[in-house]
Amino acid sequence: MAKTSNMFDYLDWRGDLSFRAAPFNEVDNLILSVTAFVDFSPSAAEGETAELKPAVAEFAALPEEKRYLGAIIPPQITDVAVKASQCKRFEGTLVRDFVNTVSEKDTEQFSAVTFLLPDGSVFVAYRGTDDTLTGWKEDLMIGLKNGVPAQLRAAEYLCRAADRSAGPIRVGGHSKGGNLAVWAAVNAPDDVAERIVAVYSNDGPGFLSDFTESASCRRMEDRIINLVPESSIVGALLQRVGKYRVIASSQKNIMQHDPLSWEVKADRFVDRKSRTKFGSESDKAIRSWIDSMSEDEKKDIADTLFAALDATGAKTVTDLKNNPLRSAMAMQKAFNSTDREKREKVNGLVKRLFRLK
């Protein structure tokens, strides 16, 4: 099988080209979206600005345990950030206003950073779901209602970023970060919206229909780009806003969510004509399953899953991974102690999903 190319190869091929020689493109978007996983708080916390190269180097020099991103986040993401920061293409890039908030009380996980690029444009990057279970709980809430805490924070952050900068604005993120990017752009006031030239949702989940059918969405939809791997599940959840492209990945099925697997040719991702059979069947099954649930049923699933996760005592996905048997037993015990009617309802909903497949 021929070797596929990814972001690392792109930086080898085009890392010596300035934005004047080769304008900003969709691969640059993904590079900056994953660089948002770097902890910039020592040098570019909110209200502060730093050069990208030394800021990334400072993070990369930390001990391994302090650079740890989580059980399901590829550690090579740090390597992408390092390589990008050292190449001519991103030379002179500034990083500003890094924020990272996790609130168990409010079920909020939010992180964002602003990049000031050498071509005079601005890229606002939202981090995807991190290792915290709070973040995963908030992901579930996105399927239940519009306006979860991180979405509201994302809109506020974009306005501040616009106030503190000049020039055209691009917004992006991977996974949940893509969802936040779309939410923020759609809800931007007119003076900010008119500066937005592109919004990238890199395999990010969608929204409930009352959001996607709004006038604000229609205003922004021609600038929103959804990049979804051919078999990935995350980017097919809920309803999308804007343009939609199916792209190639070197991984299989749900593992295609890994941005390091996305195939690159020249300055763009490799296109696929359509979703794979697995991808299209998953799309139909999950959407039908979600559409079949009442608001009360959705709440029952959320409450049941939250209670099961809380019963483990874990705070992160890493905690669950490090104690899989104990975590599984605690979750099963919590589920069994759930109100019988609610438990049967959840079982029925899950069985309905598998029947749809």
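Computed from a prediction, not measured in an experiment: that's the story for all the values here.

Here the focus is the side chain of T316. For T316, the location among the structural elements is in the loop between α14 (295-311) and α15 (317-322). Here the side chain of T316 touches D319 through a polar contact of 3.0 Å, landing on its backbone nitrogen. For T316, the contacting residues outside a window of four places in its chain are D131, T132 and L133.

Now for the side chain of E230. Looking at where E230 falls in the secondary structure, it is placed in the loop between β7 (224-229) and β8 (243-247). Under the relative-accessibility criterion, E230 is labelled buried at 12%. Here the side chain of E230 touches R272 through a polar contact of 3.5 Å, side chain to side chain. Not counting the four nearest positions on each side in its chain, E230 is found in contact with V246, I247, A248, S249, Q256, R272, S274, R275, T276 and G279.

Our focus in this paragraph is the packing of aromatic side chains. In this structure the tally under the stated criterion is 13 aromatic pairs. Where F19 meets F24, the ring centres are 6.1 Å apart and the plane angle is 20 degrees; that geometry is what we call stacked. Each member of the pair, F19 together with F24, is buried. For the ring pair Y126 and Y157, a centre distance of 6.2 Å and an interplane angle of 70 degrees mean the geometry is edge-to-face. On the criterion of sequence distance, the pair formed by Y126 in strand β4 (residues 122-126) and Y157 in helix α8 (residues 149-163) is long-range, its members being 31 residues apart. By relative accessible area, which is 2% here, Y157 ends up buried. Through a chain of ring-to-ring contacts, three or more aromatic side chains come together here, namely F19, F24, F90, F123 and Y200. The ring of F306 has K137 sitting right over it, with the charged end atom 5.4 Å from the ring centre.

Most of β7 sits out of view: six of its six residues are buried. Going residue by residue along β7, you find I224, N226 and V228 tucked away on one face and I225, L227 and P229 tucked away on the opposite face as well. Relative to β7, strand β6 (residues 196-202) runs parallel, the two being bridged by four bridges. Within β7, the residue paired with S201 across the bridge is N226. As defined by bridge partners, β7 adjoins β8 across five bridges and the pair is classed as parallel. When the bridges of β8 are listed, V228 appears paired with V246.

For helix α6 (residues 76-86), the set of buried residues is I77, T78, V80, A81, A84 and S85. Seen from one end, α6 has its buried residues packed into an arc of 155 degrees, which puts them on one side.

Mapped onto the fold, V264 is located in strand β9 (residues 264-265). Each C-alpha atom of the pair V264 and I247 lies 9.3 Å from the other, and the pair is 17 residues apart in sequence.

Quick notes on the rules
Position numbers for residues start from 1 in each chain and track the written sequence from start to end. This being a predicted model, a pLDDT of at least 70 is required before a residue's local features are given, and a value of 80 or more before pairs of side-chain atoms are given or counted; all residues contribute to the totals for chains, interfaces and linings. With hydrogens and water stripped out, all remaining heavy atoms of the structure feed into the side-chain values. Strands are runs of DSSP state E lasting at least two residues, helices are runs of H or I lasting at least four, and both sets are numbered from the N terminus onward. Polar contacts, as used here, are pairs of N or O atoms within 3.5 Å; protein pairs need one atom able to donate a hydrogen and one able to accept it. Residues neighboring in sequence count only if both atoms are side-chain atoms. Here, two residues are considered to be in contact whenever any of their heavy atoms come within 4.5 Å of each other. Burial classes: relative accessible area under 20% of the type maximum marks a residue as buried, over 50% as exposed, and values in between as partly exposed (1.4 Å probe, protein chains only). Two aromatic rings from Phe, Tyr or Trp, using only the six-membered ring of Trp, form a pair when their centres are within 6.5 Å; if the ring planes differ by under 30 degrees the pair is stacked, by over 60 it is edge-to-face, and anything between is tilted. Should the NZ of a Lys or the CZ of an Arg lie within 6 Å of a ring centre and within 35 degrees of the ring normal, that charge is described as sitting over the ring. One requirement defines pairing of two strands: DSSP has to find at least two bridges between them. Here, the arc refers to the directions that run from the helix axis to the C-beta atoms.

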